[in-house]
Amino acid sequence: MLQNSNAIANLAVKDLDKAKAFYEGTLGLKQVDDMGGELVVYKSGDTFINVYHSQFAGTNKATAVTWAVGDRIDAIVKSLKSKGVTFEHYDMPGLSLKGDIHVGQGMKVAWFKDPDGNILNLAGER
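Residues numbered from 1 in each chain as written. Predicted model: local features only at pLDDT ≥ 70, side-chain atom pairs only at ≥ 80, totals over all residues. Heavy atoms only, no water.

Going by what an unreviewed UniProt entry lists, the protein is known as VOC family protein and is assigned to Mesorhizobium argentiipisi.

Set out below in structure tokens:
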């Protein structure tokens, strides 16, 4: 039923202006809509990310968005780190940490958080 439809990620934030600075300035996403200062829509590849104001911002303790970046993961991590992004380090079976990238099982993965603590992820290949 939904296999041919794009999915849209929804990220709750406390401060929309701070979120806009991060998603536009740091991540380089392009804003495509603004709904009354309560919701900003960004385009990412063929999909969209809704960033919206919510009192529940930062309560999700799991990965909220993953970008499939292929062999560009090393360059993207380096670029984001130069912009002040701090990467998360997790102890995960089957993965070893090489700098800020978890490596193993034919993949490379890096996690970081937005200003509200939403966990974001880059997934690449070795």
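**Let's talk about the environment of A9**
Mapping A9 onto the fold places it in strand 1 (residues 8-13). Here the alpha-carbon distance between A9 and V51, two residues 42 residues apart in the chain, equals 8.4 Å. Every residue in contact with A9, bar those within four places of it in the chain, is listed here: F48, I49, N50 and V65. (Helix = DSSP H or I, 4+ residues; strand = E, 2+ residues; numbered from the N terminus. Contact = heavy atoms within 4.5 Å.)

**Comments concerning the UniProt feature "domain: VOC" (unreviewed entry) in the protein**
Here the UniProt feature "domain: VOC" (unreviewed entry) sits at residues 5-125. Along residues 5-125 the backbone is 17% helical and 46% strand, and the end-to-end C-alpha distance reaches 25 Å. (UniProt positions renumbered as here; feature names shortened; annotations may be inferred.)

**Topic: the pairing of strand 8 (residues 101-104)**
Burial along strand 8 is two-sided: I101 and V103 facing one way and H102 and G104 facing the other are all buried. Here three bridges tie strand 7 (residues 96-98) to strand 8, and the two strands are oriented antiparallel to one another. Each residue of the ladder has a partner; that of S96, found in strand 8, is V103. Hairpin geometry of strand 7 and strand 8 is characterised by an intervening segment of two residues between the two adjacent antiparallel strands and by a positive phi of about 70° at G99. Summarising the sheet, strand 8 and strand 9 (residues 107-113) pair through three bridges and their orientation is antiparallel. Of the residues in strand 9, the one forming a bridge with H102 is V109. Between strand 8 and strand 9, which pair antiparallel in sequence order, lie two residues; one of them, Q105, sits at a positive phi of approximately 50°. (Buried < 20%, exposed > 50% of the residue type's maximum accessible area, 1.4 Å probe, protein only. Pairing = 2+ DSSP bridges.)

**Focus on the pairing of strand 4 (residues 47-53)**
As defined by bridge partners, strand 1 adjoins strand 4 across six bridges and the pair is classed as parallel. Each residue of the ladder has a partner; that of L11, found in strand 4, is V51. From the end of strand 3 (residues 39-44) to the start of strand 4, which pair antiparallel, there are two residues, and G45 there has a positive phi angle of about 65°.

**Some words on a nonpolar patch on the surface**
A cluster of nonpolar residues, I8, V32 and F48, forms a patch on the protein surface that exposes about 230 Å² of accessible area. Looking at the secondary structure, you find F48 in strand 4. (Patch = residues over 30% accessible without salt bridge, like charges linked within 9 Å, V, L, I, M, F, W, Y side chains within 5 Å. Areas by Shrake-Rupley, 256 points an atom, 1.4 Å probe, with all protein chains shown as cover. Salt bridge = Lys/Arg side-chain N within 4 Å of Asp/Glu carboxyl O.)

**Some remarks on the nonpolar core**
Membership of the largest hydrophobic core comes to 26 residues, with the highest contact counts inside it found for Y23, L27, W67, F112, L120 and L122. Residues within four places of L120 in sequence aside, it is in contact with L11, F22, Y23, L27, V65, W67, A110, W111, F112 and D114. (Core = buried A, V, L, I, M, F, W, Y, C linked by side-chain atoms within 4.5 Å.)

**Topic: the environment of A57**
Within the secondary structure, A57 sits in the loop between strand 4 and strand 5 (63-70). On a C-alpha basis, the gap between A57 and E38 in space is 13 Å, while along the polypeptide they are 19 residues apart. In this structure, A57 is in contact with A12, V13, K14 and D116, ignoring residues within four places of it in sequence.

**Side note on the side chain of N118**
Checked against the element boundaries, N118 lands in the loop between strand 9 and strand 10 (119-125). The exposure class assigned to N118 is buried, which follows from its relative accessible area of 4%. Among the polar contacts made by the side chain of N118, one reaches the main-chain carbonyl oxygen of A12 at a distance of 2.9 Å. Looking at N118, its side chain comes within polar contact range of the side chain of D114, at 2.8 Å. For N118, the contacting residues outside a window of four places in its chain are L11, A12, V13, G58, F112 and K113. (Polar contact = N/O pair within 3.5 Å; in protein donor to acceptor, adjacent residues only side chain to side chain.)

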